[in-house]
Amino acid sequence: MFEKYSQDGFNIILTSEGKLVDSFEFSNFFEHSKINFFIAGAYGFEEEFKKKGINISLSPLTMSHKIAKIVLFEQIYRALAIKNNHPYHK
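Read on for a plain summary of the structure. Bear in mind the structure is a predicted one, so any value in this text is a computation, not a measurement.

The rules behind each value
- Residues numbered from 1 in each chain as written.
- Predicted model: local features only at pLDDT ≥ 70, side-chain atom pairs only at ≥ 80, totals over all residues.
- Heavy atoms only, no water.
- Helix = DSSP H or I, 4+ residues; strand = E, 2+ residues; numbered from the N terminus.
- Contact = heavy atoms within 4.5 Å.
- Pairing = 2+ DSSP bridges.
- Axes fitted to C-alpha atoms, helices over the stretch in contact; angles between N-to-C directions.
- Phe/Tyr/Trp six-rings, centres within 6.5 Å; stacked < 30°, edge-to-face > 60°.

Comments concerning the environment of Phe26
Mapping Phe26 onto the fold places it in helix α2 (residues 23–28). Each C-alpha atom of the pair Phe26 and Ile56 lies 9.3 Å from the other, and the pair is 30 residues apart in sequence. In this structure Phe26 touches Val21, Phe37, Ile56, Leu72, Gln75, Ile76 and Ala79, once residues within four positions along its chain are discounted.

Side note on the sheet that holds strand β1 (residues 10–20)
The sheet built from three strands is open, its strands ordered β2-β1-β3 with parallel pairing. The sheet is open, and its two edges are formed by β2 (35–39) and β3 (54–57), each paired on a single side. Strand-to-strand twist in this sheet, taken as the mean axis angle between neighbours without regard to direction, amounts to 40°. Of the strand pairs in this sheet, β1 and β2 are connected by five bridges, and their pairing is parallel.

A look at the packing of aromatic side chains
For the structure shown, the criterion picks out eight aromatic pairs. With 5.8 Å between their ring centres and 80° between their planes, Phe26 and Phe29 make a pair best called edge-to-face. One aromatic cluster is present, formed by Phe10, Phe26, Phe29, Phe30 and Phe37 through successive ring pairs.

Put into structure tokens, the structure is as follows:
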């Protein structure tokens, strides 16, 4: 199902049981030239798929996919601001 995405690039798999990272640690992922993001559904991902990337959590809270995407987009923007020494992240 995810084979075409999971073979190329750095995979960030967003799961409720993933590691909590701060914005500075998240910004370090952007040293990779290609990043794939996967947001788990209500039943999560299969264990085999979770082995194909780093597993992180956006929050211990449960949120809808729409909210998770907004939080992810903001964190991507914040990470790029950190990488470019822009003051937004403060």
